[in-house]
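Next come the chains, spelled out residue by residue.
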Amino acid sequence: MLRMQDISKIYRTDLIETHALRALSLEVRDGEFVAVSGPSGSGKTTFLNIAGLLETFDSGTYELDGRDVSRLSDDARSRIRNEKIGFIFQSFNLIPDLDIFDNVDVPLRYRRMKSPERRKRIESSLELVGLAARMKHLPAQLSGGQQQRVAIARAIAGDPALILADEPTGNLDSLMARQIMDLLEKINAMGTTVILVTHDPELARRAERNIHIVDGVVLDAPAQTPASQRQTAAHAPRAAE
Amino acid sequence: MSLNLRPLLSALRRNPTGALLVTLQVSITLAVLVNAAWVVHQRIMRIEQPTGINTRDTFVLQISGSSNQFNAAAAESEDLAYLRGLPGIVSATVSDGVPLTGDGGNTGVWIEPGQQGQVTLTSELGMDQDGLKTLGVRLIAGRNFRADEIQPYVPGKQAPASEAIVTESLAHALFPHGNALGKTIYSSEPRTIIGISRDFMGPQLGQPTERTIIYPRLPGQGGYYDLLVRTQPGKRDALLRLARKHIAAAHRYGVVVDARTFAQNNRRRDSGNRNVAILLALVTALMLAVCCLGIFGLTTFNVGSRTRQIGTHRALGARRRDVVSRFLVENALILTAGAVLGSVLALLIGNWLTLHYAVPRLNMAYLAAGIVTLVAVGELAAWQPARRAARIAPSVATRTV
Amino acid sequence: MLGYYLRLAVKSLRRTPGLTALMVGAIACGIAACIVTLTVHHAMGRNPIWWKNNVLYAVTMDSWDPRRPYDPDRPTVAPSQLTYLDATYLYGSDIPQRKTLLAFVQGALAGAPGQSAPVWAMTRITTAGFFHMFDVPFEYGGPWSAAADQGPQPVIVLSHRENQRLYDGRNSVGRTILWNHLRFRIVGVLAHWDPRPRFYDLTGGGSGDFGGSARAFVPFRWGSMLHLFPIGSMSCWVAPGAPPLQTYRDLLASNCVWITMWVELPTAARRERFLDFVNAYWAQQHAAGRFQRPRNNHLWKVSQWLRLHRIVSNSSRLLLRIAFAFLAVCLINTVGILLAKFLRAAPLAGVRRALGARRGEIFAQHLVEVAVLALSGAILGLLLGIAGLAGVRALYAHSYSAYGKVAHFDLIGIAWALALAGVSTLLAGLYPAWRVGRTSPARYLKSQ
Ligand SMILES: Nc1ncnc2c1ncn2[C@@H]1O[C@H](COP(=O)(O)OP(=O)(O)OP(=O)(O)O)[C@@H](O)[C@H]1O
Ligand SMILES: [Mg+2]
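Each value, and the rule that gives it
- Residues numbered from 1 in each chain as written.
- Chains lettered and ligands numbered in written order.
- Predicted model: local features only at pLDDT ≥ 70, side-chain atom pairs only at ≥ 80, totals over all residues.
- Heavy atoms only, no water.
- Contact = heavy atoms within 4.5 Å.
- Buried area = accessible area lost by both parts, 1.4 Å probe.
- Salt bridge = Lys/Arg side-chain N within 4 Å of Asp/Glu carboxyl O.
- Polar contact = N/O pair within 3.5 Å; in protein donor to acceptor, adjacent residues only side chain to side chain.
- Helix = DSSP H or I, 4+ residues; strand = E, 2+ residues; numbered from the N terminus.
- Pairing = 2+ DSSP bridges.
- Axes fitted to C-alpha atoms, helices over the stretch in contact; angles between N-to-C directions.
- Patch = residues over 30% accessible without salt bridge, like charges linked within 9 Å, V, L, I, M, F, W, Y side chains within 5 Å.
- Areas by Shrake-Rupley, 256 points an atom, 1.4 Å probe, with all protein chains shown as cover.
- pLDDT = per-residue confidence, 0-100.
- Nonpolar A, V, L, I, M, F, W, Y, C, P; charged D, E, K, R; others polar.
- Parallel < 35°, antiparallel > 145°, perpendicular 65-115°, else oblique.
- Left-handed = near helix turned anticlockwise from the far one by under 90°.
- Core = buried A, V, L, I, M, F, W, Y, C linked by side-chain atoms within 4.5 Å.
- Buried < 20%, exposed > 50% of the residue type's maximum accessible area, 1.4 Å probe, protein only.
- Domains from an automatic or database assignment.
- Disulfide = S-S within 2.5 Å.

Participant: How do you make sense of the interface of chain C and chain A when you look at a structure like this?
Facilitator: Reports often express the size of an interface as the amount of accessible area lost when the parts come together. Counting residues at the interface gives 25 residues for chain C and 27 residues for chain A. Contact between chain C and chain A buries roughly 2,600 Å² in total, counting both sides, with carbon and sulfur atoms accounting for 55%. Linking chain C with chain A are five salt bridges, by the criterion used here. Across the salt bridge formed by E361 of chain C and R112 of chain A, the nearest N and O atoms sit 2.7 Å from each other. Our count for the contact surface shared by chain C and chain A stands at nine residue pairs in polar contact (both at pLDDT 80 or more). It is helix 1 (residues 2-15) of chain C that provides the largest number of residues to the side of chain C that touches chain A, a total of six residues.

What follows is the structure, encoded as structure tokens:
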């Protein structure tokens, strides 16, 4: 799914240079569920942004879905983000003016999808997160957990191959956090690769594989979950769900 | 109140384009405001120039023959007799031009025979001995025409009249050292100055309009004539209607072309200046309003988008007036920059107006007044949103927006 | 996608109604000010017969006083009218394809059915060429014949308004009417015709260049037949020792200029030949003692004629410039507010970018918002402009100045308004939309 080789990223400001990533290398297979953890400021978000083509990097190579995406134009990167990647943010980042339906609609619009097709996808993804009844609500009318579930629906509506989630549970209580995690596992079980940044060791433990980023490099840690169980789920054919 | 400029400047630096745009707006507004006010002032001065004529109780009837059978001389003496017999009429005269309207002749006048030497251009106005009284123009030297100097018009063999009354301005233009009275001047024929009148605006509207030469009118000349009438106060409109009706029916071959009060004529005369002044003032006022609304809008917007930040400041101990003064000082900085740029612009525009539109050089007092006005109004525009900012509760800092 | 952007734009504009009103109002005011001044300016400066600009020529000769120029401010410019002597001589030439003479006389019209008293009707004495040369449209009938000019025959053409007044707009051709107490046959009635500026006669005297136009037309020679003094503009100079002007015969022989002359010269060759003819006449008269000023014979195209007479007033030009400065302030205002607004919403643009929107799409989305503003501003500005023009007309209703009289709105004005509003506002929105379009997708996502 994703192969990074010696990626480095340097943030330059007037005063200092910050080496956010130092020759980071990582490979994530199709259908994997990876949890990323590490101390604050270690470069997790930077890694995720690069993985999601939100940011460029200074050196190294990055292959996404078998294609080298190191030197793509901004438009091409937008297109890949739109079609292959779904984002889930800590602060939800819903668009406050738009109701739930329209929020989930956003990525589909940029894919120039026909209206009936969009409606079908929006409805089914909202159903998956259990908010089909709230389609006409504005984000402000929902709780934090519900908002995050809308964000998840938005991320999966375009049927991406890769979901990137940056501390999606950071603003939620532990019950909510577990529900969100359940959802992510469900999505993963349908064949979507998930990369999750989290500080919560309990959540991280539920992932198939754990990665530590410290000071801009990956310290690979052994998976703590029974791999066999997750493996089967991950490789189950999508139609079976 | 402590003013720490560094955080302000950094705030400006964060959205420099916005600040720059307001500066630009303020400077253009200032430049236009100052120059427009200056031009309006010039126009108003021209409007307020006294006409020198009684424009309250006077009206004019313009009569024209509609055939070569029209006996203008007979018709005008008939009309004059009728008008002078009407109760309520102070005085009536017949003329060949109408002051304040542009309707009338102009001529060149020389002080040497044979039209030699320097020529002075002037309005000319033929009237009889009642002319000055009708217009309400006082004679300040010499005498008026006598009735016997107004001779009947005999086509083909007219002895030219040889008297003239000139206005003060014309007398001064011709004879800068005084003693115009009794001198002979030359236009198409020689005339002796028998009287000098106070200045009044003559028929010709070009400058200087106060220069007028009055000579005894040859009755009936030209097949048309103008009746100038002065009434007792308050009777003008009724008498105008009456006289118009009577005279319209009186002549078989004559038509009343126009009937109008001098007040109307005067309004038409200065309406050009007045209207330009009105339009300029209007556009400038709108511009100032838009500029202030712009400042108001941007400050409101800044307050809105910095709500949390302001709340945090408040939570950390900033007083309300610290918040208000912060916004006002920020705005004042922008206004000052605008005023500096605007002053340069104003002077450039003023210069250009002087060159191309004959507007006098811009008075610096106007520039100063313009700056004060703009800064004051601009601060006022920012004051309301700044106060709203000060009312932001410290607690917003802890709430998510 | 456009529909989607439109929906987003409306949502965004409605979220900040105050700012939206401010921007639309400011644009509308600026546009309105420009519309008003532009319409007037345009109307004053336009050439109403541009399609004949290269064939119609006004004729001038400097017959003025040898000792001083006609216009002391512009000493090289000849009087714009001709003396009777010169006009009638030049009119005798058959080099021009068409030619005409113009002056105003007094006229009294009487004898229409149901008419009680004669009415004053400013009458243009001219020749048949007038109607042909200036493409004057007729409602009924047509111009009089060349023979009628010679006679002169008692034929008259009524203006549209006069026919309305006297005959209720019915076809009056063939009827007899009393013009200055003589029986005249109506041969034509004009359709509504009021070109502005009144290019063919810019010497309106007291009524201004845009003032009242003629109510009736009769052959030129009737003026001298009936000894009708001209009532339009007339300027005279008297040589020293010459007797003053008294009789009509004096006028015809005098130095007074009061006749406007136009000729139609379709080719350059004819133009040269006619100018040679004028110059030859000048030389002959010069030798005989007239025309003692430097030779200044000139044929003016309509466009040159308009410029010569400084039809566009300084006030108009000044107001136009101020209006554009005003529009500039309004637009800068709009740029500022749009920029602040768009940048404040930049995090949302960042979210959209993360979800796969391209830069162009974000740019387009915001530009559509600007376009909605521009359109609203244009429409409101148009309405304000129409009201403003009505105001200007009212303001100038009793003025000699031509400024307000031409303040009429036409399709061109509307096109101008929409174009001006559209282009200027879009330009104003370009930068803010571009700025927000460049939002990096990651920038606002980390910390919010
Ligand atoms: N836009 C930026 N400009 C400069 N430095 C940056 C920028 N973004 C991140 N950094 C720096 O890069 C480093 C990595 O940041 P990053 O956000 O990836 O950390 P993180 O692992 O996500 O931390 P946290 O767990 O606190 O979210 C940090 O030292 C940070 O200061
Ligand atoms: Mg982070």
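There's plenty left to go through after this.
Participant: Explain the sheet that holds strand 10 (residues 224-231) of chain B here, please?
Facilitator: Two strands in a sheet stick together by hydrogen bonds in their backbones, pointing the same way (parallel) or opposite ways (antiparallel). All names here are of chain B. The four strands lie next to each other as 2-10-1-11, forming an open sheet whose pairing is antiparallel. With partners counted over all chains shown, the strands left at the sheet margins are strand 2 (89-95) and strand 11 (254-261), one partner each. Looking at each pair of strands side by side, their axes are set apart by 20° on average, direction ignored. As judged from the seven bridges shared by strand 1 (residues 58-65) and strand 10, these two strands associate in the antiparallel manner. Within strand 10, the position partnered with F59 by the bridge is V229.

Participant: Hey, could you run me through a nonpolar patch on the surface in this one?
Facilitator: On the surface, L375, I379, L380, L383, L384 and I386 of chain C cluster together into a nonpolar patch covering about 530 Å² of accessible area. Along the chain, the position of L375 of chain C falls in helix 13 (residues 359-395).

Participant: Looking at this structure, how should I read the confidence of the model for chain C?
Facilitator: A low pLDDT means the predicted coordinates there should not be read in detail. All names here are of chain C. Looking at chain C as a whole, the pLDDT averages 85, with 92% of positions reaching at least 70. Looking across chain C, the model is least confident in strand 5 (residues 119-120), with a mean pLDDT of 78, and most confident in strand 8 (residues 155-158), with 96. Note on residues 205-211: pLDDT under 50 across the span, and 15 contacts to partners over four residues away in sequence or across chains. The ipTM assigned to the predicted complex is 0.86, against a pTM of 0.74.

Participant: Where do I start with the side chain of R77 of chain A in this structure?
Facilitator: Secondary-structure assignment places R77 of chain A in helix 2 (residues 74-84). Excluding residues within four positions of it along the chain, R77 of chain A makes contact with L53, L54, E55, T56 and L72 of chain A.

Participant: When you look at the interface of chain C and chain B in this model, what are you seeing that I'm missing?
Facilitator: The interface is formed by 55 residues belonging to chain C together with 64 residues belonging to chain B. Of all the secondary-structure elements, those providing two or more residues to the side of chain C that touches chain B are helix 2 (17-45), helix 11 (314-344), helix 13 and helix 14 (411-437) of chain C. In terms of residues, the side of chain C that touches chain B owes the most to one element, helix 11 of chain C, which gives 20 residues. Of the residues in the side of chain C that touches chain B, the class split is 34 nonpolar, 13 polar and eight charged.

Participant: Please clarify how the arrangement of the chains should be interpreted in this entry.
Facilitator: Across the two pairs of chains in contact, the largest number of contacts is found between chains B and C. For the non-touching pair chain A and chain B, the nearest C-alpha separation works out to 10 Å.

Participant: What am I meant to see in the sheet that holds strand 4 (residues 59-64) of chain A here?
Facilitator: All names here are of chain A. Pairing is antiparallel in the open sheet, where four strands are placed in the order 2-1-4-5. Lying at the two open borders of the sheet, with one neighbouring strand each, are strand 2 (17-28) and strand 5 (67-68). Taken together, the two bridges between strand 4 and strand 5 define a ladder with antiparallel strand orientation. Of the residues in strand 5, the one forming a bridge with L64 is R67. Against the sheet, helix 1 (residues 44-51) contacts strand 1 (2-12), strand 2 and strand 4, and its axis sits at roughly 120° relative to strand 1.

Participant: Any chance you could explain the packing of helix 3 (residues 84-91) of chain C against helix 9 (residues 268-287) of chain C here in plain terms?
Facilitator: For any two helices packed against each other, one specifies the inter-axial angle together with the distance between the axes. Residues and elements named next belong to chain C. Axis separation between helix 3 and helix 9 bottoms out at 11 Å; the angle between their running directions is 140°. On the basis of the axis angle, helix 3 is oblique to helix 9. Seen from above, helix 3 lies across helix 9 with right-handed handedness. Seen from helix 3, the contacting residues are L85, D86, Y89 and L90; seen from helix 9, they are F274, F277, V278, Y281 and Q284. A breakdown of the residues in the contact of helix 3 with helix 9 according to their chemical character gives seven nonpolar, one polar and one charged.

Participant: How do you make sense of the nonpolar core when you look at a structure like this?
Facilitator: Across soluble globular proteins, you tend to see nonpolar side chains buried next to one another. One finds L2, M4, F47, Y62, L64 and I195 of chain A to be the most contacted residues of the largest nonpolar core, which totals 146 residues. If we skip the residues at most four places from it in the chain, L64 of chain A touches M1, L2, L53, V69, I80, I85 and L162 of chain A. Of all hydrophobic cores here, the second largest spans 49 residues; its members include Y57, A103, L166 and C256 of chain C.

Participant: Looking at this model, I keep getting lost on the domain arrangement of chain C. Mind explaining?
Facilitator: If you check the domain split of chain C, you get domain 1 (2-47 + 313-447) and domain 2 (50-308). Domain 1 of chain C and domain 2 of chain C are separated by 48 Å when their C-alpha centres are compared.

Participant: How do you make sense of the state of the cysteines when you look at a structure like this?
Facilitator: Disulfides are covalent bonds that link the sulfur atoms of two cysteine residues. Residue and element names in this part refer to chain C. Throughout the structure, instances matching the rule amount to one disulfide over all chains. A sulfur-sulfur distance of 2.1 Å marks the disulfide that ties C236 to C256. Between C236 and C256, the disulfide has an S-S torsion of 110° and is therefore right-handed. Of this pair, C236 sits in the loop between helix 7 (222-225) and helix 8 (248-253) while C256 sits in the loop between helix 8 and strand 12 (257-264), and the two are 20 residues apart along the sequence. There is no disulfide at C29, and the cysteine sulfur nearest it, in C330, is 6.3 Å away. The exposure class of C330 is buried, given its relative accessible area of 0%.

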